[in-house]
Amino acid sequence: MITELADSDAGSIHWHGLAVSVGSQVLVAPQSGSAHAGRLLAVMGPSGAGKSVLLHALAGLAPARAVVSGSVWGSPDAESVGVAEGNMALMEQDVPFFSELTPRETIRFAAELEGLSGAAAAKEAAALVRRVGLEHVADRKVGERYLGGTGQGLSGGEQRRLALACAIAGERHESLPSTPAFSSHCRAKTLLADEPTTGLDTFQAAEVVQLLRELGIARNCATIMTIHQPRSSVWGMIDDVLLLGPGGRAVYSGPTSAVLTYIAGLGHECPREGVNPADFLIDLISVHTGSTAAAEEDMCRIARLAGACAAQGEPRQAACFLPSTSSDSGSKRTLLPARRLSELRAFCLLFGRAWMQTSRDKATNFARLVATAGLGFIFGAQFGTFDSAEALSAGSISSRVALLSFGCISMAFIGEMRALDRFAKEKKVIGRERAACHYSGATYVAAKALAELPSDGLFACLFALIVHLRCGLRTPLLDLAGLCGLIALACAALGLAIGAAVPNGERAMATGVPVMSLHMLTGIIDPAGSAAHQPSGVMLTLRALSPIRYALEALCHAELDGAKLQRSPGEAAKLGGLAMASSGDAVLARLGITRSYREAVLGLVALLALHLLAAMIIMAFFQPSFRRARAGRRAQLVPLRC
Ligand SMILES: Nc1ncnc2c1ncn2[C@@H]1O[C@H](COP(=O)(O)OP(=O)(O)OP(=O)(O)O)[C@@H](O)[C@H]1O
């Protein structure tokens, strides 16, 4: 669908009666306003006033369980604006990047997600790198933190510039017709920046705000940012200001140049000498918590200011008009339709990014290599070398089963933890991209699994190789390596499913460790053969879901199937439940292993598939912290399904 805009209003956005609440708590009180093309609007207010919630509501997003009402529109004819519609870009507070990609690659990826071809995206990335002043670090890894003179990583200010470039990457769409009425600026997105200066020093903060302002002017588009308390240098760059008091009540909305006169008219004169107007205004709408009397006085003052603002009506809250239902609005401009990549194209892009992130992280890969190989050697030292006689020594059975159990558990834990860690780091980036409906959760999980899980499997195979060489197990090397790889894959997939369900790294760990402990508890086989009884009910179900159980049963089969046992004199006393067993098959029976080798392997493969499927379903149904709210005459929550 191509929506047409009136010439005079292109690049501005308006809202009417916009309000956000959760249950009976009002996060943003109903309000109307506008942000004008080429002008920078700052949403200011004390902490918790609702600045971020308002910004997200303007972007068509709502916190979980929140109800959004009101209208947001881009022109009298444009009914719907937002990040999901492709005509707004939201620069979230503190969203990390993929650390192994360079800024140039990161911008290029963002442009390709917007639908540009590889060549066009590369051209766009080169231009944007120059435009936002990142040429000197364009081909350096983004990194996880700034490492000073080592040439690694970007500073906080550079990361904000990169976020800005990503937000506007790909907005000039080549496939759209080029007509005089279709100049580049009408295709620019409204830029919404949530606290773009947080954590930056005065100089860097001013530079980032200056860049935001310049981009808004050059693209002839409204720019809105939330800001806590701008310093004088930043205050001077702000064209319009929306002051929000506690409860998201508007206290002033209009030109920055008029705010002090307006507030003075209400009896609050700013002592101009040496006072930053922003400090004065924030003090005026903040509630002091020191004493009840002072807090009450502050609340009364803020209520009076909010009442005065409301009494001014919409003219004080900037020029605002309701969306027209007529399609005849004279001169027309064209707004970009919402775009969505094909799932295949999105899969290829996501696979490429995940592959780069995994394969380029040499330090982590080297550490994994050393740790996995070291673990194999320590297993060898702990269990020693089993004799390679035709018949197995009965006394070695419990050691063999113990070795296989500990090996299985180690590979399972490593696989799951690694997946949880990687997923937690990406969660915010994915949330931002999914809010813009660039790809589905299933596509993300599929691409990630294909790019990352093979390396988990390979490290587990290396462990198996070393253990096989050091311990001389009867299990053929291919079986040992295959089963170690498979258990690592199944548990890495489990890590993906848990990572998809929880909001951050801490909760991922808090959930992932107990889940794996449970699988260990229900999957473990007593090497002395004393737990041959069948558990019942819940335990049986849990056992059926334990990848450790399946892997261990298959490994025991590979080690003991068809083996003959030889018993040294005096050994029987130490053999416990295995004392009477004279063959590998009898040991398997004493260990309570009823599935065949084939059934156990198939069970493990089925669990791998089940975990991947669960990750995809959870990604589709679980919401990012802000979910999609459709802005219209009456906004309604629409569950995100992308
Ligand atoms: N998902 C949510 N559910 C319930 N309440 C929420 C949710 N998200 C935010 N809030 C509440 O909404 C209010 C406004 O939050 P918001 O993050 O918009 O404040 P802010 O003005 O941006 O503050 P700061 O400057 O500290 O970032 C706060 O009281 C916050 O606790």
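Rules and cut-offs
- Residues numbered from 1 in each chain as written.
- Predicted model: local features only at pLDDT ≥ 70, side-chain atom pairs only at ≥ 80, totals over all residues.
- Helix = DSSP H or I, 4+ residues; strand = E, 2+ residues; numbered from the N terminus.
- Buried ≥ 20, exposed ≤ 12 C-beta atoms within 10 Å, placed from the backbone.
- Axes fitted to C-alpha atoms, helices over the stretch in contact; angles between N-to-C directions.
- Parallel < 35°, antiparallel > 145°, perpendicular 65-115°, else oblique.
- Left-handed = near helix turned anticlockwise from the far one by under 90°.
- Contact = placed C-beta atoms within 7 Å.
- Nonpolar A, V, L, I, M, F, W, Y, C, P; charged D, E, K, R; others polar.
- Near = placed C-beta within 6 Å.
- Domains from an automatic or database assignment.
- UniProt positions renumbered as here; feature names shortened; annotations may be inferred.

A word on the overall build of the protein
In step 1: Counting its regular elements, the protein contains 19 helices and 16 strands.
In step 2: The buried share of the protein, taken over its 642 residues, is 46%.

Description of the packing of helix α2 (residues 103-113) against helix α3 (residues 118-131)
In step 1: The interhelical angle for the contact between α2 and α3, taken along N-to-C directions, is 130°, at an axis separation of 8 Å. It follows that α2 is oblique to α3 by the angle criterion. The element α2 and its partner α3 pack so that their crossing is right-handed. On the side of α2, the interface is formed by Pro103, Arg104, Ile107, Arg108, Ala111 and Glu112, while α3 contributes Gly118, Ala121, Ala122, Glu124, Ala125, Leu128 and Val129.
In step 2: Here the residues of the contact of α2 with α3 sort into 8 nonpolar, 1 polar and 4 charged.

With respect to the site of the ligand
In step 1: Around the ligand sit 14 residues, and of these Ser47, Lys51, Ser52, Val53 and Pro63 come closest.
In step 2: Tallying contributions element by element places helix α1 (residues 51-58) first for the shell around the ligand, with 3 residues.
In step 3: Its residues assigned to classes, the shell around the ligand comprises 6 nonpolar, 7 polar and 1 charged.

So, the domain arrangement of the protein
In step 1: Structurally, the protein comprises domain 1 (91-188) and domain 2 (343-624).
In step 2: At the junction of the two partners, domain 1 supplies 10 residues and domain 2 supplies 12 residues.
In step 3: Looking at the side of domain 1 that touches domain 2 residue by residue, the classes come out as 7 nonpolar, no polar and 3 charged.

Focus on the UniProt feature "transmembrane region" (unreviewed entry) in the protein
In step 1: The sites that carry the UniProt feature "transmembrane region" (unreviewed entry) are, in the present numbering, residues 366-385, 397-414, 480-502 and 600-622.
In step 2: Along residues 366-385, the helical share is 90% and the strand share 0%, with 27 Å between the first and last C-alpha atoms.

Description of the environment of Met616
In step 1: On the secondary structure map, Met616 appears in helix α19 (residues 597-621).
In step 2: The exposure class of Met616 is buried, given the 21 C-beta atoms found within 10 Å.
In step 3: Separated by 173 residues in sequence, Met616 and Thr443 have C-alpha atoms that sit 7.9 Å apart.
In step 4: Each residue touching Met616, except ones within four places of it in the same chain, is listed here: Gly441, Ala442 and Val445.

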